[in-house]
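The primary structure of each chain is shown beneath.
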Amino acid sequence: MPPKKKAAAKAVKPATRAAKKPASESSPVPQLSEYHRKRDFSKTAEPKGGAAPVNQQLVFVVQKHAATRLHYDLRLELDGVMKSWAVPKGPSMNPADKRLAMEVEDHPIEYNTFEGTIPKGQYGGGTVMLWDRGIYTYGNTDLEPAAGLRKGLAKGDLKFVLLGERLKGSFVLVRTKRGDRGKNEWLLIKHKDDYAEPGSDVAAKFLTSVDSGRTMEQIAKDGDRVWNSNRA
Ligand code: MN
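Novice: Before we go on, may I ask you to explain the overall build of the chain in this structure?
Specialist: Secondary structure summary: the chain contains six helices and nine strands in total. Burial status across the chain gives 49% buried among its 232 residues. Total accessible area computed for the chain in this model is approximately 12100 Å², and 53% of it derives from carbon and sulfur atoms.

Structure follows, in structure tokens:
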């Protein structure tokens with residue numbers, strides 16, 4: 001692990017201090033201890049993590065999640081886990097939109113292939129659709145990607161470029177003043193570039209899975225708790 005700046009160390013503290021389960025039950029990846037604490041893996045088919053190799057290129061996914069409230073989970077790979085934000089209105093390709101994005105616990109890389117249903121009563125219970133996926137990189141060129149991303153996360157100003165099936169181009173996540181006070185609140189904003197689509201509504205435009213082509217209703221009806229670990 002590289003040395004962390006003060007803000008970065010503060011940001012990861014809850015996760016690294018949270019493990020209270022015996023070593024045999026605790027997370028194989030230290031950053032995933034909060035993820036583990038929230039879930040009962042005898043009841044949910046979500047992955048435990050720790051088994052996937054770190055990707056050659058950084059990957060991202062967006063999962064549409066019909067939990068208590070519908071939201072879209074944006075996950076960006078960094079340092080062996082998926083940094084995660086829940087975006088209630090979903091991402092937008094319109095630079096005029098500022099989408100609230102609540103930072104949530106790090107997720108395992110294996111989560112990137114999860115599509116199905118989390119059982120009722122379990123944490124995040126509801127239907128999960130793979131809404132977008134692809135590779136991404138740091139949005140500036142002054143540092144190597146991982147270093148730039150770590151710095152951006154710590155600063156609360158994270159610029160990145162997505163190359164997904166539906167989301168493309170330059171974005172920024174900016175931590176708000178409320179976010180600075182431990183509320184984990186960020187804004188997701190599309191930069192003006194060749195991929196920007198003023199006036200568009202990408203979340204409304206694409207209503208099916210990038211993986212299976214299914215709608216949320218079909219995924220829920222199929223009742224599968226399958227997550228396809230064999231897909232690239
Ligand atoms: Mn979610």
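Further notes follow.
Novice: Just checking my understanding: could you explain the environment of lysine 177 for this structure?
Specialist: Relative to the helices and strands, lysine 177 is located in helix 4 (residues 177-183). With 21 residues separating them along the chain, lysine 177 and glycine 156 place their C-alpha atoms 9.8 Å apart.

Novice: Could you clarify how one ought to interpret empty space enclosed by the protein in this entry?
Specialist: One way to see where empty space is left: roll a probe the size of a water molecule over the atoms. Under the criterion given, the structure shown has one cavity of 30 Å³ or more. Here the largest cavity defines a volume of roughly 40 Å³. Around the largest cavity, the lining residues are Leu76, Glu77, Leu78, Lys83, Trp85, Tyr136, Leu149, Leu153 and Leu158. Those elements giving two or more residues to the lining of the largest cavity turn out to be strand 2 (70-78), strand 3 (81-87) and helix 3 (145-155). In terms of residue class, the lining of the largest cavity is made up of seven nonpolar, no polar and two charged.

Novice: What should I look at first to understand the nonpolar core in this one?
Specialist: Side chains of a nonpolar character, in soluble globular proteins, are inclined to be buried together. Counting 30 residues, the largest nonpolar core has Leu74, Leu76, Tyr136, Leu158, Phe160 and Leu173 as the members making the most contacts within it. Listed in part, the nine residues of the second largest apolar core include Leu32, Tyr35, Phe114 and Ile118.

Novice: Looking at this model, I keep getting lost on the coordination of the manganese ion. Mind explaining?
Specialist: For a metal bound by four donors in tetrahedral geometry, the ideal donor-metal-donor angle is 109.5 degrees, whereas six donors in octahedral geometry ideally sit at 90 or 180 degrees. All of the protein donors around the manganese ion are His65 (ND1), His71 (NE2) and Asp73 (OD); their distances to the metal are 2.1 to 2.3 Å. Read from N- to C-terminus, the donor residues coordinating the manganese ion fall into the pattern H-x5-H-x1-D. Judged by relative accessible area, which is 13%, histidine 71 ranks as buried.

Novice: Help me understand helix 3 in this model?
Specialist: Helical geometry note: an α-helix holds 3.6 residues per turn, so side chains three or four residues apart project in the same direction. When we look at burial in helix 3, the residues that qualify are Ala146, Gly148, Leu149, Gly152, Leu153 and Ala154. With its phi angle positive at about 80°, glycine 156 sits one or two positions after the end of helix 3.

Novice: What is the right way to look at unusual backbone geometry in this model?
Specialist: Across the chain, the bulk of peptide bonds are trans and the bulk of non-glycine residues have phi less than zero. Of note, aspartate 79 is a non-glycine position whose phi angle comes to about 55°, a positive value. Within the element layout of this structure, aspartate 79 appears in the loop between strand 2 and strand 3. Of the residues examined, aspartate 79 reaches a relative accessible area of 33% and is grouped as partly exposed.

Novice: What is the right way to look at the pattern of salt bridges in this model?
Specialist: Note that side chains of opposite charge can pair when their charged atoms are close. Applying the stated criterion to the full structure yields 15 salt bridges. The closest approach of N and O atoms between arginine 150 and aspartate 79, which form a salt bridge, is 2.8 Å. With arginine 150 in helix 3 and aspartate 79 in the loop between strand 2 and strand 3, this pair connects stretches of sequence that are 71 residues apart. Two residues, lysine 83 and aspartate 106, come together in a salt bridge whose shortest N-O distance is 3.0 Å. Of this pair, lysine 83 sits in strand 3 while aspartate 106 is found in strand 4 (residues 98-107), placing the two residues 23 residues apart along the sequence. For lysine 83, a relative accessible area of 13% puts it in the buried group.

Conventions we followed
Residues numbered from 1 in each chain as written. Predicted model: local features only at pLDDT ≥ 70, side-chain atom pairs only at ≥ 80, totals over all residues. Heavy atoms only, no water. Helix = DSSP H or I, 4+ residues; strand = E, 2+ residues; numbered from the N terminus. Buried < 20%, exposed > 50% of the residue type's maximum accessible area, 1.4 Å probe, protein only. Areas by Shrake-Rupley, 256 points an atom, 1.4 Å probe, with all protein chains shown as cover. 1 Å grid on protein atoms, 1.4 Å probe; cavity = no way out; pocket = protein on both sides within 12 Å on 5 of 7 lines; lining within 4 Å. Points joined across faces, edges and corners; volume = space filled by probe spheres on them. Nonpolar A, V, L, I, M, F, W, Y, C, P; charged D, E, K, R; others polar. Core = buried A, V, L, I, M, F, W, Y, C linked by side-chain atoms within 4.5 Å. Donors = N, O, S within 2.8 Å, 3.2 Å for Na, K, Ca; no water. Salt bridge = Lys/Arg side-chain N within 4 Å of Asp/Glu carboxyl O.

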